[in-house]
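Chain by chain, the residues run as shown.
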Amino acid sequence: MLPDLGPVVPELIVAVAAMGLLMVGVFGRANATRTLCGLAILVLFVALVFETGLTGTRAETFGGMFVVDGFAVYAKILVLIAAAASLAMSIGWLRREGAERFEFPVILLFATLGMLMMVSANNLISLYLSLELQSLSLYVLAAFQRDNSRSTEAGLKYFVLGSLASGMLLYGSSLVYGFAGTTAFDGLAHAFGNGIPLGATIGVIFVLTGLAFKVAAVPFHMWTPDVYEGAPTPVTALFAVGPKIAAFALLVRVMVGPFSALTDQWLQVVVFISAASMILGAFAAIAQSNIKRLMAYSSIGHVGYALIGLAVGDQTGVRGVLIYLAIYLFMTLGTWAAILAMRQKGRAVEGISDLAGLAKTHPGMALALAIFMFSMAGIPPMAGFWGKLYVFMAAIDKGMVTLAVIGVLTSVVGAYYYLRIVKVMYFDEPAEVLDHGGGDGLGFVMGVTALVILFFTLIPAPLVTQAGAAAATLFGG
Amino acid sequence: MIVQAIVFYVLSAVLIASGVLVISVRNPVHAVLFLILAFFNAAGLFVLNGAEFLAMVLVVVYVGAVAVLFLFVVMLLDINLLRMREGFLRYLPTGALIGLILLIELAGIYASWSFGAAEPGLLAAPAPDPGAVPNTDALGRLIYTDYIYLFQAAGLILLVAMIGAIMLTLRARSGILRQSIAHQLLRSRASSIELRKVPRGEGV
């Protein structure tokens with residue numbers, strides 16, 4: 001009896017293509033990395049097309065291990081865009097750094113596959129396995145420049161702390177399974193509907209801890225700055241978007257689905273980590289002089305804002321999360337494209353001071369980066385403002401005014417360091433000019449994402465409608 | 001029935017005897033060989049209980065792979081077993097205590113399982129009727145039908161681990177000698193042998 005393969009077509013495409021590309025890389029001619037990267041991007045686009053072809057109706061397969069609904073399709077589209085864009089940005093980087101190894105696109109495809117499976121996990125076991133597939137691929141990618149001690153350090157740090165988080169997740173899962181007698185999400189929701197044992201609460205908190213580590217929420221964020229700084233820049237660009245979106249989708253699905261009966265128990269934890277992430281993201285970034293570390297703290301802050309939506313926990317809240325993640329995806333991709341374009345005399349630079357006078361030497365790039373920074377700070381009319389607005393509105397509707405106020409205040413603090421970058425670019429004298437003509441699609445990514453961020457205000461309807469519909473499927477609407 | 005009982009007692013007696021010998025013989029190679037004997041007898045006990053799949057796995061995995069690996073390790077390492085056994089009496093009380101704790105815990109599990117009000121759902125675990133479905137069949141159904149998704153996902157994880165390990169550690173080293181069979185076969189007599197006339201009594 002063959003399981004229904006209809007809902008898993010995009011995942012199958014990615015998996016089979018990754019193995020096929022591996023064979024081509026091993027047995028094909030040398031230096032095929034560029035071709036393989038191109039093919040991998042093509043594969044991701046094909047998967048994206050098939051993904052959009054899946055209708056929003058809920059479908060389960062493999063005995064309920066795997067679920068596809070509007071929510072999953074929405075998150076998977078974001079994940080596929082993130083993977084394709086970061087792969088496109090890495091082609092030029094791989095060539096310039098002399099690190100063209102065919103395993104890169106293959107492992108990246110496997111990481112993407114893990115993220116897709118995370119979004120669709122409908123069982124604690126499939127949750128864990130998909131998370132491991134994604135994490136293991138990312139550990140390898142973080143240590144990709146194995147002759148660079150910082151990259152190796154990043155990979156090792158990520159591996160050790162990630163394993164710890166996986167251990168906590170597993171421990172929590174085993175407690176939950178022990179008290180509920182099932183690992184299926186539907187079964188868990190049913191079992192906790194009849195009463196909540198204390199052990200199950202502890203288990204849920206452990207699961208939440210493990211997932212909070214994966215999205216890098218305070219106080220489980222310590223690895224983020226080091227890993228972001230040490231990992232190869234295009235890989236960091238992927239870290240900042242893909243795994244975060246996938247883990248967030250997983251977190252939302254787990255918390256409002258099987259563990260919805262325990263909302264009273266996990267809510268205080270989510271509120272705390274949300275507030276702590278926003279505060280730490282805002283204050284710790286102020287002192288940074290390395291733009292990759294700055295972006296790491298900035299991403300921690302963004303996780304805090306998105307967690308507000310989860311704390312609200314109803315349909316409006318989840319819609320806010322989804323809108324926030326989509327906008328976050330575009331502004332982060334654009335910013336990382338700009339960071340990748342920062343090179344002096346053929347060498348990558350990462351200091352904020354290296355951006356001095358960018359407006360005079362590279363007006364286009366400076367304008368795009370300024371747009372991203374205004375958006376991240378949440379200044380209207382950029383898209384980032386709307387992302388924050390939707391989660392704050394949801395919080396106020398639910399009566400969580402404190403959280404919304406903390407969010408607004410930390411946005412103001414955060415605006416300081418975002419605007420500092422704009423100030424450095426526009427008002428400082430150029431010290432040393434950045435290289436021209438980075439090319440390689442970086443300009444394309446920057447341009448497209450800047451346009452999206454800039455004009456979202458005029459046509460917000462498609463995204464908001466889609467996010468609303470996706471959130472509705474999670475609540476049985 | 002009587003035959004089964006005799007076989008059971010023979011197998012368990014040999015199992016226990018070889019188990020004791022594993023930790024008491026002087027020669028580590030002999031210890032590993034007794035370990036293999038113990039595995040075989042345990043496999044026999046499994047067969048006796050109708051768990052033919054476990055029996056085969058025990059022989060294939062433990063005897064075929066693990067014990068042979070032990071043998072290699074024992075032969076490669078120069079272990080002085082006499083020195084290792086020096087502290088035997090000193091560690092005996094701790095070891096006995098741990099053994100006792102394990103025994104009590106086992107008894108506790110047995111008691112709670114057979115006398116306590118265990119979860120009825122757990123007791124009636126979703127195992128098919130052993131009479132109707134052979135256990136190899138039942139395991140296969142679980143792994144390759146019910147949990148095929150997880151099985152494949154685990155396979156992908158292992159594949160990634162393998163690619164990652166190779167990618168992060170394999171280096172193309174220079175200056176090492178590799179065998180090239182084609183190159184060896186293409187060598188001609190002229191390219192590899194030089195004949196010299198050596199004058200008698202003078203050396204080369």
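Residues numbered from 1 in each chain as written. Chains lettered and ligands numbered in written order. Predicted model: local features only at pLDDT ≥ 70, side-chain atom pairs only at ≥ 80, totals over all residues. Heavy atoms only, no water.

## Quick look at the overall build of chain B
Okay, step 1: Of regular secondary structure, chain B possesses ten helices and zero strands.
Okay, step 2: Shown N-terminal to C-terminal, the secondary structure of chain B runs as helices and strands in the order α-α-α-α-α-α-α-α-α-α.
Okay, step 3: Long-range pairs, those at least 24 residues apart, make up 55% of the contacts in chain B with a sequence separation of at least 6.
Okay, step 4: By element, 71% of the accessible surface of chain B is carried by carbon and sulfur atoms, the whole surface being about 16000 Å². (Helix = DSSP H or I, 4+ residues; strand = E, 2+ residues; numbered from the N terminus. Contact = heavy atoms within 4.5 Å. Areas by Shrake-Rupley, 256 points an atom, 1.4 Å probe, with all protein chains shown as cover.)

## Some points on the overall build of chain A
Okay, step 1: Summing up its helical and strand segments, chain A has 19 helices and four strands in all.
Okay, step 2: Relative to a compact globule of 477 residues, whose C-alpha radius of gyration would be 23 Å, chain A shows 21 Å and is just as compact.
Okay, step 3: Its C-alpha atoms give chain A principal-axis dimensions of about 65 × 55 × 40 Å.
Okay, step 4: Burial statistics for chain A: of 477 residues in total, 61% are counted as buried.
Okay, step 5: Considering only contacts in chain A between residues 6 or more positions apart, those separated by 24 or more positions represent 82%.
Okay, step 6: Carbon together with sulfur atoms contributes 69% to the accessible area of chain A, which is approximately 16500 Å² in total.
Okay, step 7: Positive and negative charge centroids in chain A, built from 24 and 24 side chains respectively, lie 5 Å apart. (Rg over C-alpha atoms; globule rule 2.2 N^0.38 Å. Buried < 20%, exposed > 50% of the residue type's maximum accessible area, 1.4 Å probe, protein only. Lys, Arg positive; Asp, Glu negative; His and termini not counted. Charge placed at Lys NZ, Arg CZ, Asp CG, Glu CD.)

## Describing the packing of aromatic side chains
All names here are of chain A.
Okay, step 1: Applying the stated criterion across every chain, the model contains 17 aromatic pairs over all chains.
Okay, step 2: Judged by centre distance (5.1 Å) and plane angle (90°), the rings of Tyr139 and Tyr158 are edge-to-face. With Tyr139 in helix α5 (residues 124-142) and Tyr158 in helix α6 (residues 149-180), the pair connects residues that are 19 residues apart, well separated along the chain. Tyr158 carries the same exposure label as Tyr139, and that label is buried. (Phe/Tyr/Trp six-rings, centres within 6.5 Å; stacked < 30°, edge-to-face > 60°.)

## Details of the interface of chain B and chain A
Okay, step 1: Between chain B and chain A, the residue contacts involve 21 residues of the former and 25 residues of the latter.
Okay, step 2: With both sides pooled, the region where chain B packs onto chain A buries about 2100 Å², and carbon together with sulfur makes up 82% of that total.
Okay, step 3: Of all residues in chain B, Tyr149(B), Val160(B) and Met167(B) bury the most surface against chain A, accounting for 35% of the area lost on that side.
Okay, step 4: Our count for the contact surface shared by chain B and chain A stands at zero salt bridges.
Okay, step 5: At the boundary of chain B with chain A, the tally comes to three residue pairs in polar contact (both at pLDDT 80 or more). (Buried area = accessible area lost by both parts, 1.4 Å probe. Salt bridge = Lys/Arg side-chain N within 4 Å of Asp/Glu carboxyl O. Polar contact = N/O pair within 3.5 Å; in protein donor to acceptor, adjacent residues only side chain to side chain.)

## Section: the domain arrangement of chain B
Residues and elements named next belong to chain B.
Okay, step 1: Per the domain assignment, the segments of chain B are domain 1 (1-127) and domain 2 (129-171).
Okay, step 2: At the junction of the two partners, domain 1 supplies five residues and domain 2 supplies five residues.
Okay, step 3: Summing both partners gives a buried area of about 360 Å² for domain 1 against domain 2, and 47% of it is carried by carbon and sulfur.
Okay, step 4: In this assembly, domain 1 and domain 2 are joined by zero salt bridges.
Okay, step 5: Where domain 1 touches domain 2, the interface holds one residue pair in polar contact (both at pLDDT 80 or more).
Okay, step 6: Residue classes in the side of domain 1 that touches domain 2 are distributed as three nonpolar, one polar and one charged. (Domains from an automatic or database assignment. Nonpolar A, V, L, I, M, F, W, Y, C, P; charged D, E, K, R; others polar.)

## With respect to the side chain of Glu132(A)
Okay, step 1: In this structure, Glu132(A) sits in helix α5.
Okay, step 2: No salt bridge is formed by the buried Glu132(A); the nearest opposite charge belongs to Lys214(A), separated by 5.0 Å.
Okay, step 3: Setting aside chain neighbours within four positions, we find Glu132(A) in contact with Ser166(A) and Ile157(B).

## Some words on the layout of surface pockets
Residue and element names in this part refer to chain A.
Okay, step 1: There is about 550 Å³ of room inside the second largest pocket.
Okay, step 2: Taken together, 26 residues line the second largest pocket, and the ones lying closest to its centre are Tyr74, Leu78, Pro462, Leu463 and Gln466.
Okay, step 3: At the level of elements, α2 (33-53), α3 (70-96), α13 (315-340), α18 (442-455) and α19 (461-474) are the ones that each hand at least two residues to the lining of the second largest pocket.
Okay, step 4: For the lining of the second largest pocket, the residue count by class is 20 nonpolar, six polar and no charged. (1 Å grid on protein atoms, 1.4 Å probe; cavity = no way out; pocket = protein on both sides within 12 Å on 5 of 7 lines; lining within 4 Å. Points joined across faces, edges and corners; volume = space filled by probe spheres on them.)

## Notes on the pattern of salt bridges
Residue and element names in this part refer to chain A.
Okay, step 1: Applying the stated criterion across every chain yields a total of 17 salt bridges over all chains.
Okay, step 2: Of the charged contacts in the structure, one is a salt bridge between Lys76 and Glu11, with a shortest N-O distance of 2.5 Å. Remark: Glu11 occurs in helix α1 (residues 9-27) and Lys76 occurs in helix α3; sequence separation between them is 65 residues.
Okay, step 3: We classify Glu11 as buried; its relative accessible area is 5%.
Okay, step 4: Here Glu429 ties to Lys360 by a salt bridge, and the two come within 3.9 Å at their closest N and O atoms. Within this pair, whereas Glu429 is found in the loop between α17 (401-427) and α18, its partner Lys360 is found in helix α14 (residues 358-361), the two being separated by 69 residues in sequence.
Okay, step 5: Here Glu429 falls in the exposed class, since its relative accessible area comes to 61%.
Okay, step 6: What makes Lys360 exposed here is its relative accessible area of 53%.

## Side note on the packing of α13(A) against helix α16 (residues 383-397) of chain A
All names here are of chain A.
Okay, step 1: Their axes nearest at 8 Å, the elements α13 and α16 cross at an angle of 160°. Between α13 and α16, the crossing angle belongs to the class labelled roughly antiparallel. In this structure, α13 meets α16 at a crossing whose hand is left-handed. In this structure, α13 contributes Thr316, Gly317, Arg319, Gly320, Val321, Ile323, Tyr324, Ile327 and Met331 to the contact, and α16 contributes Ala383, Gly384, Gly387, Lys388, Tyr390, Val391 and Ala394. (Axes fitted to C-alpha atoms, helices over the stretch in contact; angles between N-to-C directions. Parallel < 35°, antiparallel > 145°, perpendicular 65-115°, else oblique. Left-handed = near helix turned anticlockwise from the far one by under 90°.)

## Focus: helix α7 (residues 185-193) of chain A
Since the α-helix packs 3.6 residues into each turn, any two residues three or four apart lie on the same face.
All names here are of chain A.
Okay, step 1: All of the buried residues in α7 are Phe185, Leu188 and Phe192. Along the axis of α7, the buried positions cluster into a sector of 55°, meaning they face one direction only. Residues of α7 that are exposed and angled more than 90 degrees away from the buried face: His190 and Gly193.
Okay, step 2: Buried residues along α7 sit against α5, α6, α8 (198-214) and α10 (233-256).
Okay, step 3: Of the residues one or two after α7, Gly195 is the one with positive phi, at around 140°. (Arc of directions from axis to C-beta.)

## So, a nonpolar patch on the surface
Residues and elements named next belong to chain B.
Okay, step 1: A surface patch of nonpolar side chains, about 590 Å² in accessible area, is lined by Ile2, Val3, Ile6, Val7, Val10, Val14 and Leu37.
Okay, step 2: The leading source of residues in the nonpolar patch is helix α1 (residues 2-24), at six residues.
Okay, step 3: Within the secondary structure, Val14 is located in helix α1. (Patch = residues over 30% accessible without salt bridge, like charges linked within 9 Å, V, L, I, M, F, W, Y side chains within 5 Å.)

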